[in-house]
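Architecture at a glance
Listed below are the residues making up each chain.
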Amino acid sequence: MSSIRRCRILVSASAVACVVACLSGAAPRAQAPGRLALVGGMLITGYEVPPIHHAAVVIEGPRIVAAGPASEVKVPADATLIDTSGRVMLPGLIETHGHLVVLGHGSYETWFPWIASHGGDAMLTRVMEISAKQLLMAGVTTTIDLGAPLAQSLSIRDRINRGEIVGSRMLVSGPWIARLGAAGAGGAMQVGFGGLNISTSAEAARETERLAAAGVDHIKAHSGLTLDDYKAIVDAAHARRIKVYAHVYAEQDVRHALEAGVDVLQHVGSAGTAPPYSKELITDIVNAGRPVVVTAAHRAWVYPDTAEFPERLQDPELKKAFGADIYAEVQRSLASWWTLGYFQRTDREMLYRERGVKQFIESGAVMGMGTDSGTPMNFHSEALWREIKVHVDMGMTPMRAIAAATRVNAQIIGKGRELGSIEPGKIADLIVVNGNPLFDITALSHVDLVVKDGLVYKGAVAAAVRPPTASRGK
Ligand SMILES: [Zn+2]
Ligand SMILES: [Zn+2]
């Protein structure tokens, strides 16, 4: 009798009850360490090596304890078995640039006032919960949020970690830090994302310390900062052992962030930073080993993709995720989406979009994967696979793109020891997709099953796992 067959027969009733409870939509609660085995499918580990065929992954409690060819992995007799045959297992995806306070609405100028007039903080909390759940259901098991009010950011992160609500594991910046009066650092956007305006470098350091003391996971340095501002923020953050992500487009801003020691350069090469950066800057970024996250797809690809298929805006999944009121407001905001202020420079961005991404792919830069998820028409349910697809279309191999969105992203965010790959000892975050992403990367849009911290949040486990009586005699 094969080990798989034995498992099916001996699967424990309590394990089944737990997994099914988690799937029923009820908030997952702490559970006695259960054993889970995902068996049969192809395994992409997160490393850039050939996949393992007909593989098995064994999970005990929140951790992976074994992974390899099913013929070699010993599946414990009491494990709950999930049949992944014909599909592909890979690490849970990591989003290195998301925004829970937005979920695809067309305009910050009307979205944040709409929240204020429809429940205020209660609505903001609901929006953030919806965003976090959408991310998780899209296979994004960890998300870096880069701009939201402080109290709500910490609260949603902690409630997800305690299992009170279902969502992607959040690491949060709280408000971003920007220079008073800088372009892009004012108005509805700044207010809605909880942005802080500073006017001296000393003030930047004080705000960084205040945020760190409040418990944020990292700092987002936004627009218009000087070299001294970046240095002050980086010094204060690193003294607290947290990372700094910079929102930078123009060559001079990127140069300053690089020289000040900012940990991750966000947006570089996207959004009309035309012409592409100088060879010298690219070389310096590569030599420094400084990670870049291009956020390429939003605007420059999302806009023409929507022109081709505007029906994507009425994806039934959005209606289900949002509820009638939010869905109606988002639809209203996107009725004439091609006229939105957010896309006013998109023609110029499209002109340079390919060179903007290729300059980093071809240079050998350390590339993470992040999307500005939640920005206009950039829905949490699909932003990351769209971003990954752009990188593949621009010349990144599918395997490298998947590694970027998993193992490399985990390293970039400082969680390389715990997250990002499927191997013994790592936290059990993994997904199962229908289709081979190494052949067609958009298979990542078909997420059948999501496991986070060893708990199943999405998937047809109830059908795959049969109670002992059902399989007796087979
Ligand atoms: Zn940004
Ligand atoms: Zn952003």
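Above this text is the structure in question.
Each value, and the rule that gives it
Residues numbered from 1 in each chain as written. Chains lettered and ligands numbered in written order. Predicted model: local features only at pLDDT ≥ 70, side-chain atom pairs only at ≥ 80, totals over all residues. Heavy atoms only, no water. Donors = N, O, S within 2.8 Å, 3.2 Å for Na, K, Ca; no water. Buried < 20%, exposed > 50% of the residue type's maximum accessible area, 1.4 Å probe, protein only. Pairing = 2+ DSSP bridges. Helix = DSSP H or I, 4+ residues; strand = E, 2+ residues; numbered from the N terminus. Core = buried A, V, L, I, M, F, W, Y, C linked by side-chain atoms within 4.5 Å. Contact = heavy atoms within 4.5 Å. Axes fitted to C-alpha atoms, helices over the stretch in contact; angles between N-to-C directions. Parallel < 35°, antiparallel > 145°, perpendicular 65-115°, else oblique. Left-handed = near helix turned anticlockwise from the far one by under 90°. Nonpolar A, V, L, I, M, F, W, Y, C, P; charged D, E, K, R; others polar. Phe/Tyr/Trp six-rings, centres within 6.5 Å; stacked < 30°, edge-to-face > 60°. Lys NZ or Arg CZ within 6 Å of the ring centre and 35° of its normal.

Notes on the coordination of the zinc ion (ligand 2)
For the zinc ion (ligand 2), the protein coordination sphere consists of His-97 (NE2), His-99 (NE2) and Asp-372 (OD), at 2.1 Å. Each donor residue of the zinc ion (ligand 2) belongs to the same chain, with the gaps between them written as H-x1-H-x272-D. A separation of 3.1 Å is found between the zinc ion (ligand 2) and the zinc ion (ligand 1). By relative accessible area, which is 0% here, His-97 ends up buried. Residue classification places His-99 among the buried positions, given a relative accessible area of 2%.

With respect to the sheet that holds strand S2 (residues 42-43)
A sheet is described by the order of its strands in space; here 5 strands give the open sequence S2-S6-S16-S17-S18, paired in mixed fashion. The open sheet has two edge strands with one neighbour each: S2 and strand S18 (455-458). Bridge analysis of strand S6 (residues 88-91) against strand S16 (residues 430-433) gives 4 bridges, and the strand direction is antiparallel. Within S16, the residue paired with Leu-90 across the bridge is Ile-431.

Digging into the coordination of the zinc ion (ligand 1)
Around a metal, the perfect tetrahedron of four donors has angles of 109.5 degrees, and the perfect octahedron of six donors has angles of 90 or 180 degrees. Donor atoms from the polypeptide that coordinate the zinc ion (ligand 1) comprise Lys-220 (NZ), His-247 (ND1) and His-267 (NE2), at 2.1 to 2.3 Å from the metal. All donor residues of the zinc ion (ligand 1) come from one chain, and their arrangement in sequence is K-x26-H-x19-H.

Thoughts on the nonpolar core
Residues Ile-326 and Phe-360 are the most contacted members of the largest nonpolar core, which totals 111 residues. Per-element tally for this core: the top contributor is helix H4 (residues 121-137), with 8 residues. The residues contacting Ile-326, other than those within four sequence positions of it, are Leu-103, Trp-111, Trp-114, Met-123, Arg-126, Val-127 and Ile-130. Core analysis: the next-biggest nonpolar cluster, separate from the first, contains 16 residues, Leu-36, Ile-82, Val-451 and Val-456 among them.

Considering the packing of H4 against helix H5 (residues 150-161)
Taken N-terminus to C-terminus, the directions of H4 and H5 make an angle of 45 degrees; their axes are 11 Å apart at the nearest point. Here H4 lies oblique to H5, going by the angle between them. In terms of crossing hand, the pair formed by H4 and H5 is right-handed. For the pair formed by H4 and H5, the contact residues are Asp-121, Leu-124, Thr-125, Met-128, Glu-129 and Ala-132 on the first element and Gln-152, Ser-153, Ile-156, Arg-159 and Ile-160 on the second. The residue inventory of the contact of H4 with H5, partitioned by class, reads 5 nonpolar, 3 polar and 3 charged.

Focus: the packing of aromatic side chains
All chains considered together, the criterion is met by 11 aromatic pairs. With 6.2 Å between their ring centres and 65 degrees between their planes, Tyr-277 and Phe-360 make a pair best called edge-to-face. Note that Tyr-277 is positioned in the loop between strand S14 (264-266) and helix H10 (279-288) and Phe-360 in helix H14 (residues 346-363), a separation of 83 residues in sequence. With a centroid separation of 5.6 Å and 85 degrees between ring planes, the pair formed by Trp-337 and Trp-338 is classed as edge-to-face. By relative accessible area, Trp-337 is classed as buried at 8%. Exposure remark for Trp-338: the relative accessible area of 48% places this residue in the partly exposed category. These aromatic residues form a ring-pair network of at least three members: Tyr-108, Phe-112, Trp-176, Phe-193, Tyr-303, Trp-337, Trp-338, Tyr-342 and Phe-343. Over the aromatic face of Tyr-342 sits the side chain of Arg-299, whose NZ or CZ is 4.4 Å from the ring centroid.

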